[in-house]
Amino acid sequence: MAAPAAKQEGFHDCRDAWARTIEELAANDPRIVAVVNDSVGSSKLGGFQKKFPDRLVNVGIAEQNMVGVGAGLANGGRIPFVSAASCFLTGRALEQVKADIAYAGFNVKLVGQSSGVAYGELGPTHHSIEDFAWLRPLSNITVIVPADSWETAEAVKWAATCDGPVYIRLSRMPVPELEVANRRFQPGKAELVRDGGDVTLIACGTTVHLAAQAALELEQEGVAARVLNMATITPLDEEAIVRAATETGAIVTIEEANIHGGLGGAVAEHTSATHPVPVERVGFPGFVPTGSVEWLFNHFGLTPSGIARSARKAIGRKRV
């Protein structure tokens, strides 16, 4: 199966879970407010606006002001969820995210909508594939990339109770629910989707279910692939990475983001310093062209077969 470009049976838009959850939280906590940049519709906050019209601030297309307003609301005791297209929230307003949110340590929840290449045909100006690299150095911002609707809801609930800045990265592309028993959302901890001892596939967000499918393809060849859902990019689950390196000897990272400075960069940094093993990074190598989501995923190997191919390469590089 290729990229989750169109809604399929059993696939869900994580933005629906986000919208439903913030409405539920706001009904029980008057401190919760939403701040948007003329993005009520794309943030799916129409229902929130109807229920809590005096608790939604629309600053218009002014992302720097939007983040500043969020900081001011947090300073006044509110819990602001600042929601906008991730390409503009983390790019255009990066200085405000750095100075007003991270440096100040304000309790602001940033929600990056339509992340990665979800805007497809709108091209590089709307691709949001650098956000991990921009935000990882701002180490007091917890960066969460939910893999499905359940994890999205749990991440939003956790963010509302966490005292500190959080960035939740959401896509507009429908994804299936992960089949993991007894799930529990733990920020900073990788989720074991599938165990294996030959190679580890570490994925986040929209790519986790693709990694799980790649593991099934590899199983047909006698290769046991471990699959980790690394939903939290910051802080990174370094213990899980070391275990993967030690126990499987080869790692593949998969992300709908730039491999330089993103999840792949983070994993490669840590393994090279602590337990060097072959690391293959599947994602985007830099600016990517205009194109449909499905075409972009296929072209850059973000498919089960592409991931399996990278896994074979990583295994082939293992030390004898």
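Conventions and cut-offs
- Residues numbered from 1 in each chain as written.
- Predicted model: local features only at pLDDT ≥ 70, side-chain atom pairs only at ≥ 80, totals over all residues.
- Heavy atoms only, no water.
- Helix = DSSP H or I, 4+ residues; strand = E, 2+ residues; numbered from the N terminus.
- Rg over C-alpha atoms; globule rule 2.2 N^0.38 Å.
- Buried < 20%, exposed > 50% of the residue type's maximum accessible area, 1.4 Å probe, protein only.
- Contact = heavy atoms within 4.5 Å.
- Areas by Shrake-Rupley, 256 points an atom, 1.4 Å probe, with all protein chains shown as cover.
- Lys, Arg positive; Asp, Glu negative; His and termini not counted.
- Charge placed at Lys NZ, Arg CZ, Asp CG, Glu CD.
- Pairing = 2+ DSSP bridges.
- Axes fitted to C-alpha atoms, helices over the stretch in contact; angles between N-to-C directions.
- Phe/Tyr/Trp six-rings, centres within 6.5 Å; stacked < 30°, edge-to-face > 60°.
- Lys NZ or Arg CZ within 6 Å of the ring centre and 35° of its normal.
- Disulfide = S-S within 2.5 Å.
- Parallel < 35°, antiparallel > 145°, perpendicular 65-115°, else oblique.
- Nonpolar A, V, L, I, M, F, W, Y, C, P; charged D, E, K, R; others polar.
- pLDDT = per-residue confidence, 0-100.
- Core = buried A, V, L, I, M, F, W, Y, C linked by side-chain atoms within 4.5 Å.
- Arc of directions from axis to C-beta.

A tally of regular secondary structure across the chain gives 12 helices and 14 strands. Taking 2.2 N^0.38 as the reference for a compact globule, 320 residues should give roughly 20 Å; the C-alpha atoms of the chain span a radius of gyration of 19 Å, in line with that estimate. Seen through its C-alpha atoms, the chain measures out along the principal axes to roughly 60 × 40 × 40 Å. Looking at the chain as a whole, 60% of its 320 residues qualify as buried. Nonlocal contacts in the chain, meaning residues at least 24 apart in sequence, comprise 78% of its contacts between residues at least 6 apart. Put simply, the chain shows about 12600 Å² of open surface, and 49% of that area lies on carbon and sulfur atoms. The distance from the centre of the 29 positive side-chain charges to the centre of the 35 negative ones in the chain is 1 Å.

Attention now goes to the sheet that holds strand β5 (residues 109-113). The strands that make up a sheet are held in pairs by hydrogen bonds between backbone atoms, and each pair lies either parallel or antiparallel. As summarised here, the arrangement of the 7 strands in space is β3-β2-β4-β5-β7-β6-β12, forming an open sheet in which the pairing is mixed. Each edge of the open sheet is held by one strand with a lone partner, namely β3 (56-58) and β12 (232-234). On average, adjacent strands in this sheet sit at an angle of 20° to one another, irrespective of strand direction. The strands touched by helix α3 (residues 63-75) are β2 (32-36), β3 and β4 (79-85); relative to β4, the strand with the most contacts, the crossing angle is about 170°.

Following the criterion strictly, the structure yields 3 aromatic pairs and no others. Ring geometry for W18 and F81: centres 6.0 Å apart, planes at 45°, overall tilted. Of this pair, W18 sits in helix α1 (residues 14-28) while F81 sits in strand β4, and the two are 63 residues apart along the sequence. Aromatic side chains F284 and F300 sit 5.3 Å apart centroid to centroid with 85° between the ring planes, which places their arrangement in the edge-to-face category. Note that F284 is positioned in strand β14 (residues 279-284) and F300 in the loop between α11 (293-299) and α12 (304-316), a separation of 16 residues in sequence. The pair F284 / F300 is uniform in exposure class, with both members buried. We note R55 situated over the ring of F52; from NZ or CZ to the ring centre the distance is 4.6 Å. The residue whose ring lies beneath R169 is F132, and the NZ or CZ to ring-centre distance is 4.4 Å.

Right, let's get into the sheet that holds β14. In spatial order, the strands read β9-β11-β10-β13-β14; together these 5 strands make up an open sheet with mixed pairing. With partners counted over all chains shown, the strands left at the sheet margins are β9 (191-194) and β14, one partner each. Put simply, the sheet's adjacent strands are angled 25° from each other on average, direction ignored. The pairing of strand β13 (residues 251-258) with β14 spans 5 bridges and is parallel. Paired with T253 across the two strands is R281, which belongs to β14. Here helix α10 (residues 263-274) sits on the sheet in contact with β10 (199-203), β13 and β14, set at roughly 145° to β13. The strands touched by α12 within the sheet are β10, β13 and β14, with β13 carrying the most contacts at an inclination of about 140°.

Okay, the state of the cysteines next. The final tally for this structure, using the stated rule, is 0 disulfides. Between C87, a free cysteine, and C204, which holds the nearest cysteine sulfur, the sulfur-to-sulfur gap is 18 Å. Here C204 stays unpaired: no disulfide links it, and the sulfur of C14, its closest cysteine neighbor, is 12 Å away. Residue classification places C204 among the buried positions, given a relative accessible area of 2%.

Working note: a packed helix pair is described by the angle between its axes plus the distance between those axes. Contact pair α3 / helix α5 (residues 94-103): the axes reach a minimum separation of 9 Å and the direction vectors enclose 5°. Judged by the angle between their axes, α3 and α5 are roughly parallel. Here Q64, V67, G68 and A71 of α3 lie close against α5, whose contacting residues are Q96, V97, D100 and I101. Across the contact of α3 with α5, the residue classes break down as 4 nonpolar, 3 polar and 1 charged.

Let us look at the confidence of the model for the chain. Per-residue confidence for the chain gives a mean pLDDT of 95; residues scoring 70 or more make up 98%. Within the model, the stretch residues 1-6 combines pLDDT values under 50 with 23 contacts to residues more than four positions away or in other chains.

Glancing now at the nonpolar core. Side chains of nonpolar character tend, in soluble globular proteins, to be buried together. Membership of the largest hydrophobic core comes to 38 residues, with the highest contact counts inside it found for L89, I202, I251 and L263. For this core, the elements supplying multiple residues, two or more each, are α3, β4, α5, α6 (131-135), α9 (238-248), β13 and α10. Once you skip the residues sitting within four places of it in the chain, I202 turns out to touch L228, M230, I241, I251, V252, T253, I254, L263 and V267.

Time to look at α9. The complete set of buried residues in α9 reads A240, I241, A244, A245 and T248. On an axial view of α9, the arc spanned by its buried residues comes to 135°, and they lie on one face. Close packing links the buried residues of α9 with β10, β11 (225-229), β13 and α10. Looking one or two residues beyond α9, the residue adopting positive phi is G249, at roughly 75°.

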